[in-house]
Amino acid sequence: MEYRIHLSDEAQMCALGEAFALELEPGAVVLLKGDLGSGKTTFAGSVIRGLGCASPVVSPTYTLVEEYITITHLVCHFDLYRLNDPNELEGLGIRDRCDGKRVLLIEWPENGAGALPQAHWEVQIDYADLGRTVCIQGGRPAKAIEAFIAS
Ligand code: ADP
Ligand code: MG
């Protein structure tokens with residue numbers, strides 16, 4: 001299934017991220033694609049909050065990976081913008097973190113090509129005339145996204 005959604009502001013983007021979180025099972029791998037400033041980190045933050053994280057969500061711009069523990073989920077948020085080589089993912093513990101339990105949210109997956117696990121979801125964010133367009137692709141229908149679109 002593929003969903004294409006126009007979001008006129010950041011608040012809408014966050015509401016979509018929280019709805020999308022309801023679709024994520026343990027071990028889900030989510031690729032976040034889009035130009036610099038398109039809203040990948042904003043979206044990831046709202047997904048992490050939607051998964052029940054109460055502590056502040058910080059951008060992994062410099063650390064490259066941040067991990068969160070919520071009541072229901074373990075979440076890893078990667079930002080591979082500064083990754084020089086996919087082999088560096090080893091040093092970020094990709095093998096241990098890809099354990100079928102942690103939800104993985106991965107910004108700039110292009111920089112980790114060949115060294116990342118198979119994705120379950122792909123989220124593409126593009127600049128639109130007003131706001132952003134988000135395209136969410138996954139292997140199955142997503143009721144929470146359909147409810148968001150209908151609201
Ligand atoms: P990225 O991680 O893709 O580089 P960020 O999430 O760090 O992008 O930044 C996105 C910027 O775009 C933020 O300043 C945010 O307020 C803004 N933004 C997010 N969603 C929208 C939207 N739907 N419409 C307009 N601005 C948005
Ligand atoms: Mg970012």
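Okay, so let's go over this structure. (Residues numbered from 1 in each chain as written. Chains lettered and ligands numbered in written order. Predicted model: local features only at pLDDT ≥ 70, side-chain atom pairs only at ≥ 80, totals over all residues. Heavy atoms only, no water.)

Take the coordination of the magnesium ion (ligand 2) next. Here the magnesium ion (ligand 2) is held by T41 (OG1) and E107 (OE), and the distances to it run 2.1 to 2.2 Å. You can see T41 sitting in helix α2 (residues 40-50) and its partner E107 sitting in strand β5 (residues 103-107), a full 66 residues away along the chain. For E107, a relative accessible area of 2% gives the class buried. (Donors = N, O, S within 2.8 Å, 3.2 Å for Na, K, Ca; no water. Helix = DSSP H or I, 4+ residues; strand = E, 2+ residues; numbered from the N terminus. Buried < 20%, exposed > 50% of the residue type's maximum accessible area, 1.4 Å probe, protein only.)

So, on to the pairing of strand β7 (residues 132-138). With five of seven residues buried, β7 lies mostly within the body of the structure. Relative to β7, strand β1 (residues 2-7) is paired through six bridges, and the arrangement is antiparallel. Of the residues in β7, the one forming a bridge with R4 is C135. (Pairing = 2+ DSSP bridges.)

The local shell around ligand 1 holds 16 residues, among which E10, G37, K40, T41 and T42 are the closest. E107 is positioned with one of its side-chain polar atoms (N or O) 3.3 Å from an oxygen atom of ligand 1. Summarising the interface, the protein chains cover 72% of the accessible area of ligand 1, which totals 580 Å² for the free molecule. The cavity where ligand 1 resides is the largest pocket. Among the elements that make up the shell around ligand 1, the one with the highest residue count is α2 (three residues). Taken together, the residues of the shell around ligand 1 break down into three nonpolar, seven polar and six charged. (Near = heavy atom within 4 Å. Polar contact = N/O pair within 3.5 Å; in protein donor to acceptor, adjacent residues only side chain to side chain. Areas by Shrake-Rupley, 256 points an atom, 1.4 Å probe, with all protein chains shown as cover. 1 Å grid on protein atoms, 1.4 Å probe; cavity = no way out; pocket = protein on both sides within 12 Å on 5 of 7 lines; lining within 4 Å. Sits in = over half its atoms within 2 Å of the grid points. Nonpolar A, V, L, I, M, F, W, Y, C, P; charged D, E, K, R; others polar.)

This next bit is on the environment of T63. Among the secondary structure elements, T63 is positioned in the loop between α2 and β3 (65-69). We classify T63 as partly exposed; its relative accessible area is 44%. Residues T63 and F78 lie 15 residues apart in sequence; the distance between their C-alpha atoms is 8.7 Å. Engagement of the side chain of T63 in a polar contact is seen with the side chain of E66, the distance being 2.9 Å.

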